[in-house]
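Summary of structural features
Next come the chains, spelled out residue by residue.
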Amino acid sequence: MESKNLLQLTGETKKSKKGMKRMTLAMAVLCSVGFGITQTGAYSYLSNADSVKNLFSEGKVSINLVEPEWIKDDSGTKEKAVPGDVYQKDPTITATDECVTPSFVYLQVYIPYAKVTKVNDDSTLYDKDANGAPLKKHHMLVTFGEGELTKTSSDEFLVGDASDIQYDQASEILDSAELPDGHLIRNNIHDGKDGWTLLEISDIPVTDIPDTDSYQKNVDGYLKFTYSFNTMLANTDAVNPKYAALIGQVLTNKTTPLFEKIRVVNCMEGQLDGKEYYIPVKAYAIQATHTGSAEDENVKNAIPATTAEVIKQARKAYLAYANQNEDNGIMSVIKFSS
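Quick look at the structure, then. Everything numeric in this text was worked out from a predicted model, so none of it was measured.

1. Considerations on the nonpolar core
- If you look at the biggest cluster of nonpolar residues, it comprises 47 residues, and the most contacted ones within it are I93 and F225.
- At the level of elements, β2 (63–66), β5 (103–116), β9 (196–204), β10 (221–229), β13 (261–264) and β14 (280–287) are the ones that each hand at least two residues to this core.
- For this core, the element with the most residues is β5, which contributes eight residues.
- With residues up to four places along the chain from it excluded, the contact list for I93 reads I63, N64, L65, V105, Y106, L107, W196, L233, K254, T255 and A283.
- Within the second largest apolar cluster, 18 residues are counted, among which are F104, Y243, V310 and Y321.

2. Focus on the side chain of Q108
- You can see Q108 is positioned in strand β5.
- Here the side chain of Q108 touches T226 through a polar contact of 3.3 Å, side chain to side chain.

3. Notes on the pairing of β14
- The buried count for β14 comes to eight of eight residues, which makes it a mostly enclosed element.
- The side-chain alternation of β14 yields two buried faces, one formed by P280, K282, Y284 and I286 and the other by V281, A283, A285 and Q287.
- Sheet topology places β5 next to β14; seven bridges connect them, and they run antiparallel. Considered in β14, the bridge of F104 is made with I286.

4. Some words on the sheet that holds β13
- The strand order across the open sheet built from three strands is β3-β13-β7, with neighbouring strands paired in antiparallel fashion. Among the strands making up the open sheet, the edge pair consists of β3 (86–88) and β7 (142–143).
- Summarising the sheet, β7 and β13 pair through two bridges and their orientation is antiparallel. Along β13, the bridge assignment pairs V142 with V264.

5. Here we look at the environment of D121
- Turning to its location among the elements, D121 is positioned in the loop between β5 and β6 (137–140).
- Taking the relative accessible area as the measure of exposure, D121 reaches 40% and is therefore partly exposed.
- A sequence separation of 61 residues divides D121 from G182, and the C-alpha atoms of the two residues are 9.4 Å apart.
- Leaving out residues up to four positions away in the same chain, D121 has contacts with L174, H183, R263 and N266.
- Within the structure, the side chain of D121 is placed 3.5 Å from the side chain of N266, a separation counted as a polar contact.

6. Quick look at the packing of aromatic side chains
- Evaluated as defined, the whole model comprises five aromatic pairs.
- For the ring pair F144 and F225, a centre distance of 5.3 Å and an interplane angle of 80° mean the geometry is edge-to-face. A residue pair is termed long-range when its members are at least 10 positions apart, and F144 in the loop between β7 and β8 (160–161) and F225 in strand β10 qualify at 81 residues. Like F144, the residue F225 is buried in the burial classification.
- Grouping aromatic residues by their ring pairs yields a cluster made of F144, F225 and F259.

7. As for unusual backbone geometry
- With an omega dihedral of 5°, the bond running from L179 to P180 counts as a cis peptide bond.
- By the secondary structure assignment, P180 is in the loop between α2 (169–176) and β9.
- In this structure, S123 is a non-glycine residue whose phi angle is positive, near 75°.
- Among the structural elements, S123 can be located in the loop between β5 and β6.
- On the basis of relative accessible area, S123 is assigned to the exposed category, the value being 63%.

How each quantity is defined
- Residues numbered from 1 in each chain as written.
- Predicted model: local features only at pLDDT ≥ 70, side-chain atom pairs only at ≥ 80, totals over all residues.
- Heavy atoms only, no water.
- Core = buried A, V, L, I, M, F, W, Y, C linked by side-chain atoms within 4.5 Å.
- Buried < 20%, exposed > 50% of the residue type's maximum accessible area, 1.4 Å probe, protein only.
- Helix = DSSP H or I, 4+ residues; strand = E, 2+ residues; numbered from the N terminus.
- Contact = heavy atoms within 4.5 Å.
- Polar contact = N/O pair within 3.5 Å; in protein donor to acceptor, adjacent residues only side chain to side chain.
- Pairing = 2+ DSSP bridges.
- Phe/Tyr/Trp six-rings, centres within 6.5 Å; stacked < 30°, edge-to-face > 60°.

In short, the description is geometric, and any link to function would need to be established separately.
Okay, structure coming up:
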């Protein structure tokens, strides 16, 4: 699998110790961005797992993960990143020329969280006690148009299956509303064929994140958001002719961006000074044939013909296979620090 992340990459190769039956899984990972006050350099890491390619498949599954607007807008650097800033960031998956098998594709976005004192856009305190004194509470350090997850009374984020997820309405409006009351942060999380479907959100300890020594700085944990794209991907110019009728309906060669902008949490001055934050983004592709559960065996998990079927079967394929291959992939990191 080839990665074209439009970023400076250095790294090493690792072989997977895990395999799977009757399917192909490909994965690319693009990890950015760590935020502080000024940018001092870039750090990159690569690993690639080849052993999961082309096992009992009818063709090759191969994808790229790119962020075209991030590169075009910022050239991968920031002179200064401060609380409340909004940046272009648009993770998008494309099928490579070699990808001739329709595939379900997924994005996992890891959002760091830590205890800070959140501030409203009018500079008043959001986190304060009964006397108006500032408090530190857990907050997502970056949002992307959905706002913050709701929390328990003990200040823990509520996570789980998509059906259990709720967002803080005020922060969602702040992200997405028109200026001057909001920040115009758009995403493509909806049930149309060009949209993304949330599967689950997990609370991940920093010790379970690759390159732990870097990621754990100033961070209490990560929220892992997992989404599937509502249309299958393949190189539509070279896909098996029997799938030609699906092109433009449930088969395409490029996803829409999961989101188009991100916003750093607005917090008290100095609380992000000298700190480093990262947003790892991981992409999976799983071939769409022969990836159903046991109940699908009689029909051999026929290729989906509608958007609703893609959404349903992509979830089943993810639950069946993706968690078996968490250690595979390619990773790059851009780091911003004070």
